[in-house]
Amino acid sequence: MSNFVHLHVHTEYSLLDGANRIKDLVARTKELGMDSLAITDHGVMFGAVEFYKECKKQGIKPIIGCEVYVAPRSRFQKESNIDNHPSHLILLAKNNEGYKNLTNLVSMGFTEGFYYKPRIDLEILEKYHEGLICLSACLAGSVNKEILKGDMEKAKEVAKWYKGVFGEDYYLELQPNGMREQVLANQKLIEIGRELNIPLVATNDCHYLKKEDAYNHEVLLCIQTGKKMSDEDRMRMTVDEFYVKSPEEMSDYFKNLPEVIENTVKIADKCNMDFEFGVTKLPNYDVPNEFKTHAEYFRKLCDDGIKNRYGENPSKEVLDRLEYEISVIEKMGYVDYYLIVWDYINWAKSQNISVGPRSWIRSRFNRSLCNRNYRYRSYKI
Ligand SMILES: [Zn+2]
Ligand SMILES: [Zn+2]
């Protein structure tokens, strides 16, 4: 078993800010002798499924997370020069509930908090914290920001708030990148950790695979910020340390603080989330009380529909066809899907809103019409 796990890692899904291709990233992790790996892209979880599958394929334990943006005030406040500087925060899913909460948070970051970046806020973080591990993130994390401003009291206050929400699942993140500000932040974080009894953990905020890839990452940053490599004032990383370091390199840097390395393994052990593939997950459709099952209600709607179209006594041919169609829908597990689609189409019609088939239905529909005439009737239910 490996003695170190990377828990703060960006992939190419940190758009224009991550140069790690998922397949190569997982292979490199394995090559360096590590057995688990986290994905924490900036504000998004686009890579989660691909990452999970690739890790499973290569025998690495996947940890699904995100480096979220936390709004300085409410996620609804969007005033320039105040609300466009969110803080960073690492969230990792411990279990399936945590994963669900994380997807909720990330979605709300887009639907409610979007202002330059998808932003969450402390209100929803508190509400959806269950099942999540929280790390204090890079120099753009809120504790580090206060440290760099020289306000240790405020830094402690922020750390206390997070500890109050996440309890023993809140960690202060130390990074071995050698930047002057980071060296200072590491020292102060150790002080805060000791004083407030908050555990510390080592991460490397991996943005690219190997040291020599730092240049490529700089080019990505230039594309993101619309600058040229020759521009003096471009946003840049001042060091080439944000690569996937080996466990030995990580341990060496923190040789006086072995617990920050051990804690990476403890965190990885706490994270046990599995995706369930091949199962259709539909929202539950609430059927009226007098019906015992969804299938029973679905059949009643079909019977009503047939009577509307063919009168009180449809022919045997029509009834046989209906029975066949219902049996296929039931066997395929699509009863709820049909109820949901029926519900919103029915509602739209009752409000005089035009409805029409989606293009893929139309193409299937046309194909079916050519091949088998009866399909037409099934779509008219
Ligand atoms: Zn960050
Ligand atoms: Zn990061």
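Please read all numbers here as calculations on a predicted model, not as lab measurements.

## Some words on the overall build of the protein
- Within the protein one finds 15 helices and seven strands.
- In terms of C-alpha radius of gyration, the protein reaches 27 Å, well past the compact-globule figure of 21 Å for 381 residues.
- Considering only C-alpha atoms, the protein reaches an extent of 85 × 45 × 40 Å along its principal axes.
- Relative to its full complement of 381 residues, the protein shows a buried share of 47%.
- Counted over contacts in the protein with a minimum sequence separation of 6, partners at least 24 positions apart contribute 76%.
- Total accessible area computed for the protein in this model is approximately 20,100 Å², and 50% of it derives from carbon and sulfur atoms.

## A look at the pattern of salt bridges
- Overall, the coordinates contain 24 salt bridges when judged by the stated rule.
- Across the pair Glu-12 and Arg-21 runs a salt bridge whose closest N-O atoms are separated by 3.9 Å.
- Glu-12 sits in the partly exposed class, given a relative accessible area of 30%.
- For Arg-21, a relative accessible area of 55% corresponds to the exposed category.
- Notably, a salt bridge pairs Lys-227 with Asp-233, separated by 3.4 Å at the nearest N-O pair.

## Some points on the coordination of the zinc ion (ligand 1)
- Summarising the metal site, the zinc ion (ligand 1) is bound by the protein donors Glu-67 (OE), His-88 (ND1) and Cys-138 (SG), whose distances to it range over 2.0 to 2.2 Å.
- The motif formed by the donor residues of the zinc ion (ligand 1), counted along the single chain, is E-x20-H-x49-C.
- Separating the zinc ion (ligand 1) from the zinc ion (ligand 2) is a distance of 3.3 Å, and Glu-67 supplies a donor atom to each of them. With Glu-67 in strand β2 (residues 61-70) and Cys-138 in the loop between β5 (132-135) and α5 (142-149), this pair connects stretches of sequence that are 71 residues apart.

## Describing the domain arrangement of the protein
- By the assigned domains, the protein splits into domain 1 (22-270) and domain 2 (294-379).
- Each of domain 1 and domain 2 has a C-alpha centre, and these two points are 49 Å apart.

## Brief notes about the coordination of the zinc ion (ligand 2)
- On the protein side, the zinc ion (ligand 2) has His-8 (NE2), His-10 (NE2), Glu-67 (OE) and Asp-205 (OD) as donor atoms, found 2.1 to 2.2 Å from it.
- The coordination sphere of the zinc ion (ligand 2) comprises four donor atoms, whose angles at the metal cover 79 to 167°; the geometry is irregular.
- Glu-67 sits in the buried class, given a relative accessible area of 0%.

## What to know about helix α12 (residues 316-331)
- The terminal C-alpha atoms of α12 lie 22 Å apart, and with 16 residues this matches the ideal 22 Å at 1.5 Å per residue to within 8%.
- Burial in α12 covers these residues: Val-318, Leu-322, Glu-325, Ile-326 and Ile-329. Here the buried residues of α12 occupy an arc of 100° about the axis, which is enough to place them on one side. Among the exposed residues of α12, those oriented more than 90 degrees off its buried face are Lys-316, Glu-317 and Lys-331.
- Phi turns positive one or two residues past the end of α12, at Gly-333, with a value near 75°.

## Details of the pairing of strand β6 (residues 170-174)
- Most of β6 sits out of view: five of its five residues are buried.
- Strand direction decides the pairing type here: β6 and strand β7 (residues 200-202), joined by three bridges, are parallel. Counted as the bridge partner of Leu-174 is Ala-202 from β7.
- Handedness of the crossover joining β6 and β7 through helix α7 (residues 180-196): right-handed.

## Focus on the packing of helix α11 (residues 294-310) against α12
- For the pair α11 and α12, the least separation of the axes is 11 Å and the interaxial angle reads 150°. In terms of orientation, α11 lies roughly antiparallel with respect to α12. Seen along the crossing, α11 lies across α12 with a hand that is right-handed. In this structure, α11 uses Ala-295, Phe-298, Arg-299, Cys-302, Asp-303, Ile-306 and Tyr-310 to contact α12, whose residues at the interface are Val-318, Leu-322, Glu-323, Ile-326, Ile-329 and Glu-330.
- Among the residues making up the contact of α11 with α12, the classes are represented as nine nonpolar, no polar and four charged.

## Overview of the pairing of β5
- Here β5 shows two buried faces, one formed by Leu-132 and Cys-134 and the other by Ile-133 and Leu-135.
- Of the strand pairs in this sheet, β5 and β6 are connected by two bridges, and their pairing is parallel. If you follow Cys-134 over to β6, its bridge partner there is Tyr-170.

## Some words on the side chain of Glu-54
- Relative to the elements of secondary structure, Glu-54 occurs in helix α2 (residues 48-58).
- Buried and unpaired, Glu-54 has Lys-57 as its nearest opposite-charge partner, separated by 4.0 Å.
- Once you skip the residues sitting within four places of it in the chain, Glu-54 turns out to touch Ile-22, Lys-23 and Val-26.

## Some points on the state of the cysteines
- Under the defined criterion, the tally for this structure stands at zero disulfides.
- This cysteine, Cys-134, is not joined by any disulfide, and Cys-66 carries the nearest cysteine sulfur, 12 Å off.
- Among the residues examined, Cys-134 registers a relative accessible area of 0% and is labelled buried.
- Between Cys-222, a cysteine without a disulfide, and Cys-138, which holds the nearest cysteine sulfur, the sulfur-to-sulfur distance is 19 Å.
- Under the relative-accessibility criterion, Cys-222 is labelled buried at 4%.

What counts, and where the lines are drawn
Residues numbered from 1 in each chain as written. Chains lettered and ligands numbered in written order. Predicted model: local features only at pLDDT ≥ 70, side-chain atom pairs only at ≥ 80, totals over all residues. Heavy atoms only, no water. Helix = DSSP H or I, 4+ residues; strand = E, 2+ residues; numbered from the N terminus. Rg over C-alpha atoms; globule rule 2.2 N^0.38 Å. Buried < 20%, exposed > 50% of the residue type's maximum accessible area, 1.4 Å probe, protein only. Contact = heavy atoms within 4.5 Å. Areas by Shrake-Rupley, 256 points an atom, 1.4 Å probe, with all protein chains shown as cover. Salt bridge = Lys/Arg side-chain N within 4 Å of Asp/Glu carboxyl O. Donors = N, O, S within 2.8 Å, 3.2 Å for Na, K, Ca; no water. Domains from an automatic or database assignment. Tetrahedral: all angles 85-135°; square planar, octahedral: opposite > 155°, others 65-115°. Expected span 1.5 Å × (residues − 1). Arc of directions from axis to C-beta. Pairing = 2+ DSSP bridges. Right-handed = clockwise from strand over helix to strand, strands pointing away. Axes fitted to C-alpha atoms, helices over the stretch in contact; angles between N-to-C directions. Parallel < 35°, antiparallel > 145°, perpendicular 65-115°, else oblique. Left-handed = near helix turned anticlockwise from the far one by under 90°. Nonpolar A, V, L, I, M, F, W, Y, C, P; charged D, E, K, R; others polar. Lys, Arg positive; Asp, Glu negative; His and termini not counted. Disulfide = S-S within 2.5 Å.

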